[in-house]
Amino acid sequence: MTVLSPAVEVEAPRRAWLADLPVLAVAVVWGGSYLAAKGITTTHTVVAVLVLRFALVLPVLVVAGWSRLRALTPAQSRAAGLLGLVLGGIFLLETYGVVHTSATNAGLIISLTMIFTPLAEAAVRRQAPSGGFLGAAAVSVAGVVLLTQGAGFCAPGLGDLLILGAALARTLHVLLMARIEAVRDADSLSLTTVQLGGAVLVFALLAAVPGTGASPWAAAAGFGPAEWAGLAFLSVFCTLFAFFVQMWAVRRTSPSRVSLLLGTEPLWAAVAGIAIGGEDPGLLGYAGALLVLVGTAWGRRAVTTA
């Protein structure tokens, strides 16, 4: 058995935390992305903002991974393109949703992906989920019901339903990535680049259709310093920074540790919405937010220990 000196024993956890901090920063900026998107987007500029957000970062990803991008097989490129269409749908639902609901609701409802995905996997494999996981799912769903009823019980709003649809679309995206053979061994940077390219193509085509809102050029012309700052935050921090940190972190720590830290995203979404955005979900909303956080954390633990 190797005996570590006290200095080495202290240094190992310190290195682990140094690797954790950037990942935690990603969870924080992702949590803030809902408020940022809400601040720069209207119903008429959703598609335009999405074109601008991803068109700004796509060239960087192409240049950074050009050699590996060229190494993709035709089957891998087609599969990544298909995933890009689903990804485009996710961003459309999320962005339209956050326009019509609060940033707090959006960040917490989207966290139901962590419940929906294992349930969908269990259905595909025809395996019953554990009792603990079903309990966690029930707590999370009860939390969402309370969260969307902060002003008294009524039908969930359009934005809440769109975000719920985005959570279901995220689940589909995860399942497709796991089940499409062609992408299992594909380079992660190349796969993400092609997916974002497919999503940008969807947004660009929609922007060209009359009646879908302002063009990207018109939206950009109407931006002031605050809007450009919000767009830069979404493009640089929530997309480029987040992706490269994930690639860096999984090589220096465990995927489970990265997943656990990124799972705090809904907490930061609630903090940003309430503390910075001035949102007040009401007493029922606060109770619901707590239940969502407890339920998703319980669900992650139930899946990990199953």
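Presented here is a report on the structure given in the accompanying data block. (Residues numbered from 1 in each chain as written. Predicted model: local features only at pLDDT ≥ 70, side-chain atom pairs only at ≥ 80, totals over all residues. Heavy atoms only, no water.)

1. Some thoughts on the pattern of salt bridges
For step 1, the next point in the chain: One pass over the full model with this rule turns up 2 salt bridges.
For step 2, the next point in the chain: For Asp-187, the salt bridge identified is with Arg-68, shortest N-O distance 3.4 Å. In this pair, Asp-187 is assigned in the loop between α8 (158–179) and α9 (188–207) and Arg-68 in helix α3 (residues 66–70), connecting sequence segments 119 residues apart.
For step 3, the next point in the chain: Between Glu-94 and Arg-170 there is a salt bridge, with the nearest N and O atoms lying 2.8 Å from each other. Highlighted residues: Glu-94 in helix α4 (residues 74–100) and Arg-170 in helix α8, separated in sequence by 76 residues. (Salt bridge = Lys/Arg side-chain N within 4 Å of Asp/Glu carboxyl O. Helix = DSSP H or I, 4+ residues; strand = E, 2+ residues; numbered from the N terminus.)

2. Observations concerning the packing of aromatic side chains
For step 1, the next point in the chain: Applying the stated criterion to the full structure yields 6 aromatic pairs.
For step 2, the next point in the chain: For the pair Phe-233 and Phe-237, a centre-to-centre distance of 6.1 Å together with 35 degrees between the ring planes defines the contact as tilted. With Phe-233 and Phe-237 both in helix α11 (residues 225–250) and 4 residues apart, the pair spans about one turn of that helix.
For step 3, the next point in the chain: The exposure class of Phe-237 is partly exposed, given its relative accessible area of 41%.
For step 4, the next point in the chain: Between Phe-243 and Phe-244, the ring centres sit 5.5 Å apart and the planes meet at 70 degrees, which makes this aromatic pair edge-to-face.
For step 5, the next point in the chain: We classify Phe-243 as buried; its relative accessible area is 13%.
For step 6, the next point in the chain: A residue is classified by how much of its surface remains accessible, and Phe-244, at 33% relative accessible area, is partly exposed. (Phe/Tyr/Trp six-rings, centres within 6.5 Å; stacked < 30°, edge-to-face > 60°. Buried < 20%, exposed > 50% of the residue type's maximum accessible area, 1.4 Å probe, protein only.)

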